[in-house]
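Inside the fold
Chain by chain, the residues:
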Amino acid sequence: MECRFKEARFGATRFSYATPTPFVFINDVDNTAYIDVDSIKWLEQLDDRVDKVTFRMRYNASATSPEMSGATVDEPKVVKLAIGDSKRIVFAGPIQKVNVKNQHPGQDASGKVWEVEANDYGRDLRRMLVIKPYHSQSASDIALDLLTAGASPQVWPTDDANRPFTGNHIQAGLPTVDEITFKYASADKALQRLAERINAFWYVDQDADLHFFTTDEGLYSAKDLDADDAGYWNLEMSQDDKPTITQVLVEGKGSPLASTSASGVNTTLTVEDGDVFDSAGGIGVIGADQFAYTGKASANVLNGVTWIFTATPAKYEKGEYVGQVFSAVLAGAATSDYQLTVKFHRDRRMTKTEAPEFASTFTQNQSISARYMTRDQNARVGAAVTINRTTSHLTTSFTDGIITKQETRWLSSTLFERSVEVKQRTRTRLKSFFDNQDQGIRD
């Protein structure tokens, strides 16, 4: 509850801190007086998970508050949440859901209550589709392009200058991505794929501005958990071996066979398009057989083919699909067989440049995470946190933590509690990505 420079009002603060009073605006009209403070909840998350504000709003006899029954019709009403000062907006987004209740026995209007849910502008990224390849570009440039020329808006004007999204907080000089291709991917999923390729995080703020970064933004200085004081409580830390992936196999682009071949017999394979195969050799698959090849004898002929099989050789007819598989191994992976985990992912859109790079980004070791409660107003997503409680928790200091989720609920107009989740800056990939990377946006 640190006092903010120039925002402390005479008679409204005590020395050294200001109270976290919430203000709720609907279409820029202050409706805080008609909202039950203890019903306000604000959920803030990184990546393609939407931020939410929910609250309960009472009937207003003077009708100075907006009618909420049609709040999601046509152009939805916009909710803004401010904390501490009515001008300090921390959340903005359209109303997505309204639940109307009336506990009055006669269903009189005075008994009407609206339960409102608003989602941040990031949920509208799913309305924009991307069909575009990118080659040898910085992730900074790709992220910006995904908000503008790279995506086709479904509801916004086609004039880029009038689009709601901006990229003023995209970190400059992000790593170069050799190749990444999107085919009718929603813009939020495209950003998520890009972030996972370079180990970045992202979110859309209250101004519909994209934050895309790999290092601490420095916008908020969350309190480190390295002292026994009242600044935090209920600290819980976890070590988890479930996300460990020591080797990733990715099947990318391939080509149909140009002539009949047999596994275990042919030492060359002729394909219709040899350009997609690596001239330095590699691993391929055809049907249920895997083979290694040393290179290309000519444009469309794979040579030095050796088969990995135990059954009777299989005959493959012309037109059978030949894929190539790229492998990445976690550096310094555990030597115990118990800790070795291999994952397979197939995306035949990925080229011989993109597939191995993709595979290498998905190897990962066990993860460390933490949860705790606090009233720290700077415990915001994207902020760096150090946890040094080696005596009472883990034996190693947690120095590379990043806040990935926080949920704030108000106990009164002057007091809130914030539940915070911290994870390592090295991403923990979602296992579901290997099953379906085009799932809808996750709440």
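Attention here is on the structure that accompanies the text.

Conventions used here
Position numbers for residues count from 1 along each chain, tracking the sequence in the order it is written. In keeping with the model being predicted, local features are shown solely for residues with a pLDDT of at least 70 and side-chain atom pairs are shown and tallied solely at 80 or more, while totals for entire chains, interfaces and linings include all residues. The side-chain values count all of the structure's non-hydrogen atoms but skip hydrogen atoms and water molecules. Secondary structure follows DSSP: runs of H or I at least 4 residues long count as helices, runs of E at least 2 residues long count as strands, and numbering of each begins at the N terminus. The cut-offs for exposure are 20% and 50% of the maximum accessible area for each residue type, with area from a 1.4 Å probe on protein chains only; residues under the lower value are buried, those over the upper are exposed, and the others partly exposed. In what follows, a contact means two residues having at least one pair of non-hydrogen atoms within 4.5 Å. All accessible areas in this document rest on Shrake-Rupley with a 1.4 Å probe, and a residue is counted as covered only by the protein chains that are shown. The convention used is that axes are lines fitted to C-alpha atoms, helices contributing only their stretch in contact, and that angles between N-to-C directions extend from 0 to 180 degrees. Roughly parallel refers to an angle under 35 degrees, roughly antiparallel to one over 145, roughly perpendicular to one between 65 and 115, and oblique to any angle outside these ranges. Classification used: nonpolar for Ala, Val, Leu, Ile, Met, Phe, Trp, Tyr, Cys and Pro, charged for Asp, Glu, Lys and Arg, polar for all others including Gly. Pairing of aromatic side chains requires ring centres within 6.5 Å, counting the rings of Phe and Tyr and the six-membered ring of Trp. Pairs whose planes differ by under 30 degrees are stacked, by over 60 edge-to-face, and all others tilted. When DSSP finds two or more bridges between two strands, those strands count as paired. A pairing counts as a salt bridge when a side-chain nitrogen of Lys or Arg comes within 4 Å of a carboxyl oxygen of Asp or Glu. Throughout this description, a polar contact denotes any pair of N or O atoms lying within 3.5 Å of each other; where both atoms belong to protein, one of them has to be capable of donating a hydrogen while the other can accept it, and for residues adjacent in sequence the pair is counted only when both atoms sit in side chains. Among the buried residues, those of types Ala, Val, Leu, Ile, Met, Phe, Trp, Tyr and Cys that are joined through side-chain atoms within 4.5 Å form a nonpolar core.

Below, the discussion takes up the overall build of the protein chain. Counting secondary structure elements, the protein chain contains three helices and 30 strands. Out of the 443 residues belonging to the protein chain, those deemed buried represent 47%. Within the protein chain, residue pairs in contact and separated by at least 24 positions form 70% of the contacts whose partners lie at least 6 positions apart. As displayed, the protein chain offers around 21,000 Å² of accessible surface, 48% of which is attributable to carbon and sulfur atoms.

A separate point is the packing of helix α1 (residues 139-147) against helix α2 (residues 187-198). Here α1 crosses α2 at 175 degrees, and the two axes come no closer than 10 Å. Relative to α2, α1 is oriented roughly antiparallel. Contact with α1, carried on its side by A139, I142, A143, L146 and L147, involves A187, A190, L191, L194 and I198 of α2 and no other residues of that element. Residues that form the contact of α1 with α2 fall into these classes: ten nonpolar, no polar and no charged.

On to the packing of aromatic side chains. Scanning the model with the defined rule gives seven aromatic pairs in all. Arranged with centres 5.9 Å apart and planes meeting at 85 degrees, the rings of W410 and F416 form a pair that is edge-to-face. Across this residue pair, the class does not change: W410 and F416 are buried. In textbook terms, an aromatic cluster arises when at least three aromatic residues are bridged by ring pairs, as seen for F277, F291, Y293 and W307.

Our next topic: the sheet that holds strand β8 (residues 129-138). Strand order in this open sheet of three strands is β9-β8-β11, and the pairing throughout is antiparallel. If you trace the sheet from one side to the other, it starts and ends with β9 (151-152) and β11 (176-186), each paired once. Relative to β11, β8 runs antiparallel, the two sharing nine bridges. In the sheet register, Q137 faces β11, and the bridge partner there is V177.

It is worth spelling out the sheet that holds strand β10 (residues 166-170) at this point. A sheet is described by the order of its strands in space; here three strands give the open sequence β10-β13-β12, paired in mixed fashion. Single-partner strands in this sheet number two, and they are β10 and β12 (201-204). Adjacent strand axes in the sheet meet at a mean angle of 20 degrees, parallel and antiparallel pairs treated alike. Along the sheet, α1 contacts β10 and β13 (209-213); its crossing angle with β10, the most-contacted strand, is approximately 155 degrees. Each of β12 and β13 touches α2; the most contacted strand, β13, lies at about 20 degrees to it.

Quick look at the pattern of salt bridges now. Under the criterion given, the structure shown has 19 salt bridges. Between K189 and D48 there is a salt bridge, and its shortest N-O distance comes to 2.6 Å. Taken together, the residues K189 in helix α2 and D48 in the loop between β3 (41-45) and β4 (52-58) connect sequence positions 141 residues apart. A residue is classified by how much of its surface remains accessible, and D48, at 1% relative accessible area, is buried. Taking the shortest distance from any N to any O, the salt bridge between R348 and E251 comes out at 3.3 Å.

Let's shift gears to the pairing of strand β21 (residues 295-298). If a strand is regular, its side chains alternate between the two faces of the sheet. Where β21 meets strand β22 (residues 301-303), three bridges bridge the pair, whose relative direction is antiparallel. Its bridge partner being in β22, K296 is matched across the sheet by L302. From the end of β21 to the start of β22, which pair antiparallel, there are two residues.

Next up on the list: the pairing of β12. Residues of β12 alternate between two faces, with F201 and Y203 on one and W202 and V204 on the opposite face, all of them buried. When β12 meets β13, the two strands line up antiparallel, connected through four bridges. By the bridge assignment, F201 is partnered in β13 with F213. A loop of four residues connects β12 with β13, the two strands running antiparallel in sequence, and A208 in this loop sits at a positive phi of about 60 degrees.

For the rest of this paragraph, the subject is the environment of R127. In this fold, R127 is placed in the loop between β7 (112-119) and β8. Taking relative accessible area as the criterion, R127 reaches 30% and is therefore assigned partly exposed. Sequence separation of R127 and S186 is 59 residues, and the distance between their C-alpha atoms is 6.7 Å. In this structure the side chain of R127 is engaged in a polar contact, spanning 2.6 Å, whose partner is the side chain of D124.

This part covers the nonpolar core. Core analysis: the biggest nonpolar cluster contains 31 residues, and L125, L146, L191, L210 and F212 have the highest contact counts within it. Going through the elements one at a time, β8, α1, β11, α2, β12 and β13 are the ones with two or more residues in this core. Considering each element in turn, this core owes the most residues, six residues, to α2. Sequence-distant contacts of L210, defined by excluding residues within four places in its chain, comprise A143, L147, T166, G167, N168, H169, I170, L191, W202, Y203 and V204. Residues I40, W42, I95 and A118 belong to the second largest nonpolar core, which totals 21 residues.

Since the α-helix turns once every 3.6 residues, residues separated by three or four places project in the same direction. When you tally the buried positions in helix α3 (residues 354-361), you get six out of eight residues, the bulk of the element. Every buried residue belonging to α3 is among E354, A355, E357, F358, A359 and T361, and all of these are buried. Contacts from the buried residues of α3 go to β11, α2, β15 (247-251), β25 (321-329) and β26 (342-346).

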